[in-house]
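Each chain is listed here by its residues.
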Amino acid sequence: MRWCGSGSVWRAGALLALLLPLWELGCWGLISASGASGTQNQAQHTAGGPWELLRRHKRSWVWNQFFVLEEYTGEEPLYVGKLHSDVDKGDGKVKYVLSGEGSTSIFTIDENTGDIHATKRLDREEQAYYTLQAQAVDRLTNIPVEPRSEFVVKVQDINDNEPKFLDGPYMAGVPEMSALGTTVVQVAATDADDPTYGNSARVVYSIISGQPYFSVDPKTGVVRTALPNMDREVKDQYILVIQAKDMVGQMGGLSGTTSVTVTLTDVNDNPPRFSRKNYQYMVLESLPVASVVARVKALDNDIGPNAEMEYRIMEDGPGVFNITTDEDTQEGVIILQKPLDFETKNSFNLRIEATNRNIDPAFVHLGSFSDTTTVKVTVEDVNEPPVFFTQLSKMVVSEDARVGISIGRVSAHDPESSNSAIRYSIDRNTDLERFFNVDALSGVISTAKPLDREVNSVHNLTILAMESHDPTQVGKGFAVITVLDINDNPPVFAIEYETLLCENAAPGQVIQTISAVDKDEPPSGHRFYFALPPSVAGNSNFTLRDNKDNTASIVTKRGGFRRREQVLYRLPVLIVDSGSPALSSTNTLSVSVCDCDSDGVAQSCGAVAYTLPAGLSTGALVAILGCIITLLGKNNRDVNYWRQASQNSLSFIFSKMCLISIAKENTFCNE
């Protein structure tokens, strides 16, 4: 089978020159053994059907591609090539069949002649080639007369796509003052045409707008500076137009453009400069410490970190004034550090230096990156209130000091040249109970009422000093009066103790440990002494042991305590402090007798239950008591006697009717 290609007159000369070596075969394509005897590297194929019984055909691959120019705009289908089988004798028995990519939608074959046509315009950028299969079959039986053969229709490129900058437009930056040829950015254009065929996709770059400041490499698209030392402070942004043209830039090539916005970034190439060499400011001598006195600013044409400043006071101001940098405005803020006094010094000449915080060594050769100016601060006089020689006076007084005793003195003066007389008073908001007085002329502070350290140990007074000639001028001083302690409070129990004593307690057993507290505060700390008063020191029940650590232990002297005999003991305890003179107090410790378990845990305390005699009911007891009351009433009509008898009888009844278990057991309470 032979494949013959198209010889259309509109094809380019280059394509014809490419195909001329094949023209001697009379066709393009695959030639069978009968049409190309002697061809080497033959491939043997076997075809099925009755034709194979007659003879076997040997074919050799010589050409298996057709070329079709893209974007064909003719009205007639485009001739691609011709399929012919040596078996075809022209008698109409052979039919040609085409299959594969686009075999029905794009490519058609004349089943009689084997002519192949393209029915649609092809675009190489959409699909560059099509793989098809051709076969010759018996028209009647559809049995192949030769094996199926595969070939490729390649779409030949034409220059129908302009270069495009897929990443454009571009934004780039380059430091100002850069050297000639500094790389800025690289642009890249792509061309959808075939890069392997001709020059349709070979792009060169050129700069349309942006000269003489920048240039572009025609092959690589690298944009570079074309002038040295471009100054951002003169112009900080440039907009370039870069062109990419295919066909190696030759006439007739297609082109595309993009923009490149180049921003010159700042470097520290400008020193700070004060706009004036002298500044003058006036402040009141009453200006509070930490107040802002003035603001100065050195100008810098740079921006960002390159314009950041550091300020310092070089002369006449350190100690009284300080200067800091306002990070938002880069101003130098002069702040008052100490109070001003017109009478002492009424003007200051501050020499201020401003220096760039971030100096670039590459530009030090341009000169100093600092500047100085003078700030004159004039202090204005104001009528000031009196000033205390000692702003805070500390005094002490004993809490037993008698009323009217002097405990200290405050003193103030008029700072003005008039030196007005001063009158003193106490701000009563700081002495609501009027414990103290101050002499209006001398400033002597004395007691006005008895003091009690345990109520208030420290008094903080505000002393007012007023000018005699101008009562609106009032100064304030402070006096801290500490009240010294004396031993005027006896020691007492630290807490209210509840002491429980088991009936089975053994002799010598500690039943309670006690301690004491004292409102006084002796300098060396408390020391308490414990003992039993002489009236009970010889009792047979308890004794006291002083532990000599401000505690004492209560110890049993015997065993066999019984609630039936006594449920509560009251033990007086004498406590003495170590003051001078020593003070003492007697405190009573209550000890309750309890029924305890084997572990010594109290189960029940207080009154003990007892059982009524057998056969004597509660009702009988009440009746007997009623009779007694009646008899007593008949024998004595005295009202007071009757009241006393009634109370005694009722008390007896209620004390005997306290049910502590089940009523039928006849068990009642006994004191």
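This is a predicted model, so every value here is computed, not measured.

> Got a sec to walk through the overall build of the protein chain? Specific residues and values, please.
Looking only at helices and strands, the protein chain features four helices and 47 strands. Surface exposure of the protein chain reaches about 36,400 Å², of which carbon and sulfur atoms provide 52%.

> Provide a residue-level description of the sheet that holds strand β26 (residues 347–356), including the pertinent values.
One open sheet holds the four strands; their spatial order is β20-β27-β26-β23, and the pairing between them is mixed. Looking along the sheet, the strands with just one partner apiece sit at the ends: β20 (278–284) and β23 (309–315). Going from strand to strand, the sheet's axes swing by 30° on average, the running direction of each strand aside. Where β20 and strand β27 (residues 370–380) come together, seven bridges link them in parallel fashion.

> Run through the confidence of the model for the protein chain, naming residues and quoting values.
For the protein chain, per-residue confidence averages 82 on the pLDDT scale, and residues scoring 70 or more make up 81% of the total. Below pLDDT 50 for its whole length, residues 632–643 participates in five contacts with residues either more than four positions away or in separate chains. Confidence drops under pLDDT 50 across residues 645–671; counting only partners more than four residues distant or on other chains, this segment forms 41 contacts.

> Provide a residue-level description of the state of the cysteines, including the pertinent values.
Taken as a whole, this structure holds two disulfides when the rule is applied. Across a sulfur-sulfur distance of 2.0 Å, Cys502 and Cys596 are joined as a disulfide pair. Looking down the S-S bond of the Cys502 and Cys596 bridge, the torsion is -90°, so its handedness is left-handed. In this pair, Cys502 is assigned in strand β38 (residues 499–502) and Cys596 in strand β44 (residues 584–596), connecting sequence segments 94 residues apart. Summarising the burial analysis for this pair, Cys502 and Cys596 share the class buried.

> Summarise the pattern of salt bridges; cite the residues concerned and give the values.
Tallied over the entire structure, the rule returns 17 salt bridges. A salt bridge links Asp266 to Arg232; the shortest N-O distance between them is 3.1 Å. Here Asp266, found in the loop between β18 (255–265) and β19 (273–274), pairs with Arg232, found in the loop between β16 (222–225) and β17 (237–245); they are 34 residues apart in sequence, far enough to count as distant. For the pair Asp266 and Arg232, a shared accessibility class is recorded, and that class is buried. The salt bridge involving Glu503 is made with Arg563; its shortest N-O contact spans 3.7 Å. Pair noted here: Glu503 is in the loop between β38 and β39 (510–517) and Arg563 is in the loop between β42 (551–556) and β43 (568–576), with a separation of 60 residues, a long-range link. Judged by its relative accessible area of 18%, Glu503 falls in the buried class.

> Give me the lowdown on the sheet that holds strand β41 (residues 542–546), citing residues and values where you can.
One open sheet holds the four strands; their spatial order is β37-β39-β42-β41, and the pairing between them is antiparallel. Two strands lie at the open edges of the sheet, namely β37 (492–493) and β41, each paired on one side alone. As defined by bridge partners, β39 adjoins β42 across five bridges and the pair is classed as antiparallel. Bridged to Thr513 within β42 is Ser553.

> Can you explain the pairing of strand β45 (residues 602–605)? Please cite residues and give values.
As paired elements, β44 and β45 share three bridges and run antiparallel to each other. When the bridges of β45 are listed, Cys594 appears paired with Cys605. Following β44, the chain reverses through five residues before pairing antiparallel with β45; Gly600 in that reversal takes a positive phi of roughly 85°.

> Any chance you could break down unusual backbone geometry for me, citing the residues and the numbers?
The peptide bond linking Gly168 to Pro169 adopts the cis configuration, its omega dihedral lying at -5°. With an omega dihedral of 5°, the bond running from Gln211 to Pro212 counts as a cis peptide bond. Relative to the assigned elements, Pro212 resides in the loop between β14 (204–209) and β15 (214–216). Residue Asn142 is not a glycine yet carries a positive backbone phi of 60°. For Asn229, which is not glycine, the phi torsion reads 55° and is therefore positive. Note that Asn229 resides in the loop between β16 and β17.

> Explain the environment of Glu308 to me, and be specific about the residues and the numbers.
Relative to the assigned elements, Glu308 resides in the loop between β22 (298–299) and β23. Among the residues examined, Glu308 registers a relative accessible area of 23% and is labelled partly exposed. Spatially, the C-alpha atoms of Glu308 and Thr355 are 8.5 Å apart, while their sequence positions differ by 47 residues. Apart from the residues within four sequence positions on either side, Glu308 is in contact with Gln330, Thr355, Asn356, Arg357 and Asn358. Only 3.5 Å separates the side chain of Glu308 from the side chain of Asn358, close enough to count as a polar contact.

> Could you give an account of the pairing of strand β25 (residues 332–336), with specific residues and numbers?
Taking burial as the measure, the five residues of β25 include four buried ones, the bulk of the element. In this structure, strand β21 (residues 292–296) lies alongside β25, joined through four bridges in antiparallel fashion. Each bridged residue has a counterpart across the sheet, and for Val292 the counterpart in β25 is Ile335. Pairing geometry for strand β24 (residues 321–325) and β25, over five bridges, is antiparallel. Of the residues in β25, the one forming a bridge with Phe321 is Leu336.

> Any details on the side chain of Asp266? Residues and values, ideally.
Take Asp266: its relative accessible area is 15%, and that puts it in the buried class. At 3.0 Å, the side chain of Asp266 forms a polar contact with the backbone nitrogen of Ile303. Within the structure, the side chain of Asp266 is placed 3.0 Å from the side chain of Asn306, a separation counted as a polar contact. Discounting chain neighbours no more than four positions away, the residues touching Asp266 are Glu176, Arg232, Glu233, Asp302, Ile303 and Asn306.

> Pulling in residues and values, what's your account of the packing of aromatic side chains?
Per the counting criterion, the structure on display carries eleven aromatic pairs. Taking the centre distance of 5.3 Å and the plane angle of 75° together, the rings of Phe107 and Tyr130 count as edge-to-face. Linking Phe107 in strand β8 (residues 107–109) with Tyr130 in strand β10 (residues 129–138), this pair joins segments that are 23 residues apart in sequence. We note that Phe107, like Tyr130, is buried. In this arrangement the basic side chain of Arg527 is found over the ring face of Tyr529, its NZ or CZ atom lying 4.5 Å from the centre.

Cut-off values and rules
Residues numbered from 1 in each chain as written. Predicted model: local features only at pLDDT ≥ 70, side-chain atom pairs only at ≥ 80, totals over all residues. Heavy atoms only, no water. Helix = DSSP H or I, 4+ residues; strand = E, 2+ residues; numbered from the N terminus. Areas by Shrake-Rupley, 256 points an atom, 1.4 Å probe, with all protein chains shown as cover. Pairing = 2+ DSSP bridges. Axes fitted to C-alpha atoms, helices over the stretch in contact; angles between N-to-C directions. pLDDT = per-residue confidence, 0-100. Contact = heavy atoms within 4.5 Å. Disulfide = S-S within 2.5 Å. Buried < 20%, exposed > 50% of the residue type's maximum accessible area, 1.4 Å probe, protein only. Salt bridge = Lys/Arg side-chain N within 4 Å of Asp/Glu carboxyl O. Polar contact = N/O pair within 3.5 Å; in protein donor to acceptor, adjacent residues only side chain to side chain. Phe/Tyr/Trp six-rings, centres within 6.5 Å; stacked < 30°, edge-to-face > 60°. Lys NZ or Arg CZ within 6 Å of the ring centre and 35° of its normal.

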